[in-house]
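# Secondary and tertiary structure notes
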Amino acid sequence: MSLAARIEREGTKKLLAIDGGGIRGVLALEVLQRIEDLLKARSGKADFRLADYFDYIAGTSTGGIIAAGLSIGKSVKEILEFYQNAGAQMFVKANLLHRLRYKFEDEPLAAQLKNVFGVGTTLGSETLRTLLLLVMRNASTDSPWPICNNPYAKYNDRMHPGCNLDLPLWQLIRASTAAPTYFPPEVIVLSQGKAHERQFVFVDGGMTMYNNPAFQMFLMATLDRYWAARPEARWRSGAERMLVVSVGTGTSPDARQSLDPDKMNLLFNATAIPAALMYAALNEQDLLCRVFGDCRVGDPIDRELGDLVGSAGPLESHQKLFTYLRYNAELTREGLDALGCRDIEPEAVQQLDSIDGIPELRSVGKRVAETKVLERHFEGFMPG
């Protein structure tokens, strides 16, 4: 089935979003493995992939790698093996002269992405079986840049001289993962006609409000302006018509409980800001989804709001715009204990570059999957 045919077919629409979070993406992958297993069993198909079920997949930073892998039809197991085998190669320490600018070299990561997705694969490639949303920040224009392969989007017109569908997929993923102080930025040249090209500098999408891209994905699926060439093809909202599944990579709200104010110098802030922005961004998107969606599962937002499961929402009609599932883990001592991971130290799983903590991160992800991902959450949206 062509992407255009899939976009326009009747029936429910299923959307999947994966947060950013560096190597902690393996935690999200364990949750996705559980989802894949549940849906595969109900589908009865031996070769079932999440791309067969989800119509739209979104990801930011490490979530972008996972989202793109799923969209081209890879199994969760295959992506997990990629992280397990190539994780250490992706995070190669930068040389000493560059340490004050960034922590890791970009070329090993670029090489891995080219190898997996292909140098010649573009955003508009037929290899992509679903709608795909990748989030990055255009540092040249100081603006978020959510980019999608929707053929009806304004800048995806094949007649447009700078059609986004012609951009290399690996490079867009690399741009989405370029976390400041971790990796150098990615430079992408956009054509604006034969006589003019413009260079833009991109950094990690976690530096926007879309580190959790779930609500932005919903907007891009339903808002007519994102379907400029054919607004009537946009997807219709409704709790019975649309499912949004959001998978996190873990949070650590008490990571600096013993922080001394005197230590908050310029260097400290430079290294702490990326994680702080990512945490704030993912919470905001999650909250919006729970308010406007019919939330069936999710950890408490805070002590005041709780989990918002069954909440009425702000609309006078109390109508919900979609059904919403949120799976994540709190990587604090208290959160790990609650999951039954008492033997895992928080420090081993909290960092974005915790390569040595991959086994522990996988263990936490499996516990989230076992205790939180239930078949009944997908009621009304099971594969048929």
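That block above? That's the structure.
Residues numbered from 1 in each chain as written. Predicted model: local features only at pLDDT ≥ 70, side-chain atom pairs only at ≥ 80, totals over all residues. Heavy atoms only, no water.

### Points about the overall build of the protein
For the protein, the count of helices and strands is 12 helices and nine strands. Split into buried and exposed, the 384 residues of the protein put 52% on the buried side. If you take every contact in the protein between residues at least 6 apart in sequence, the share linking residues at least 24 apart comes to 71%. For the protein, the accessible surface area stands at approximately 17,200 Å², while carbon and sulfur atoms represent 51% of it. (Helix = DSSP H or I, 4+ residues; strand = E, 2+ residues; numbered from the N terminus. Buried < 20%, exposed > 50% of the residue type's maximum accessible area, 1.4 Å probe, protein only. Contact = heavy atoms within 4.5 Å. Areas by Shrake-Rupley, 256 points an atom, 1.4 Å probe, with all protein chains shown as cover.)

### Re the packing of aromatic side chains
As enumerated under the stated definition, the model contains 11 aromatic pairs in all. Both rings, one in tryptophan 227 and one in tryptophan 235, keep their centres 6.2 Å apart while their planes meet at 50°; by these two values the pair is tilted. A single burial state applies to tryptophan 227 and to tryptophan 235, both of which are buried. Three or more aromatic residues joined by ring pairs form one cluster here, namely Phe215, Phe218, Phe292, Phe322 and Tyr324. In this arrangement the basic side chain of lysine 114 is found over the ring face of tryptophan 170, its NZ or CZ atom lying 4.7 Å from the centre. (Phe/Tyr/Trp six-rings, centres within 6.5 Å; stacked < 30°, edge-to-face > 60°. Lys NZ or Arg CZ within 6 Å of the ring centre and 35° of its normal.)

### A look at helix 7 (residues 169-176)
Most of helix 7 sits out of view: eight of its eight residues are buried. Among all positions in helix 7, only Leu169, Trp170, Gln171, Leu172, Ile173, Arg174, Ala175 and Ser176 are buried.

### Here's the deal with the environment of valine 364
Assignment of secondary structure puts valine 364 in helix 12 (residues 358-372). By relative accessible area, which is 0% here, valine 364 ends up buried. Valine 364 sits 114 residues away from glycine 250 along the chain, and the two C-alpha atoms are 9.2 Å apart. Not counting residues within four places of it along the chain, the set of residues in contact with valine 364 comprises Leu27, Ala329, Leu331, Leu336, Leu339, Cys341 and Ile344.

### Observations concerning the nonpolar core
The biggest cluster of nonpolar side chains holds 74 residues, and the ones touching the most others in it are Leu32, Ile35, Leu70, Val245, Val364 and Phe378. Here this core gets nine residues from one element, more than from any other, and that element is helix 2 (residues 25-43). If near-sequence neighbours (up to four positions away) are discounted, valine 245 is found in contact with Leu15, Leu16, Ala17, Ile35, Phe54, Leu325, Tyr327 and Phe378. The next biggest cluster of nonpolar side chains, apart from the first, holds 27 residues, and it includes Tyr56, Cys148, Ala221 and Met242. (Core = buried A, V, L, I, M, F, W, Y, C linked by side-chain atoms within 4.5 Å.)

### Concerning the state of the cysteines
All chains considered together, the criterion is met by zero disulfides. There is no disulfide at cysteine 295, and the cysteine sulfur nearest it, in cysteine 289, is 9.1 Å away. The exposure class of cysteine 295 is buried, given its relative accessible area of 2%. (Disulfide = S-S within 2.5 Å.)

### Points about unusual backbone geometry
Here the phi dihedral of aspartate 142 falls at roughly 55°; this positive angle occurs in a residue that is not glycine. Position of aspartate 142 relative to the elements: it lies in the loop between strand 3 (131-138) and strand 4 (143-148).

### Description of the environment of serine 125
Examined against the element boundaries, serine 125 turns out to sit in the loop between helix 6 (107-117) and strand 3. Counting along the chain gives 43 residues from serine 125 to proline 168, while the straight-line C-alpha distance between them is 9.4 Å. Within the local environment of serine 125, its side chain forms a polar contact with the side chain of threonine 127, the two groups lying 2.9 Å apart. (Polar contact = N/O pair within 3.5 Å; in protein donor to acceptor, adjacent residues only side chain to side chain.)

### Focus: the side chain of glutamate 30
In this structure, glutamate 30 sits in helix 2. A residue is classified by how much of its surface remains accessible, and glutamate 30, at 6% relative accessible area, is buried. Among residues more than four places away in sequence, those in contact with glutamate 30 are Leu80, Arg362, Gly365, Lys366 and Ala369.

### Digging into the packing of helix 2 against helix 4 (residues 62-71)
Contact geometry of helix 2 with helix 4 gives a least axis separation of 9 Å together with a crossing angle of 35°. For helix 2 against helix 4, the interelement crossing comes out right-handed. In this structure, helix 2 uses Gly25, Leu29 and Leu32 to contact helix 4, whose residues at the interface are Thr62, Ile66 and Leu70. (Axes fitted to C-alpha atoms, helices over the stretch in contact; angles between N-to-C directions. Left-handed = near helix turned anticlockwise from the far one by under 90°.)

Structural measurements only, silent on function.
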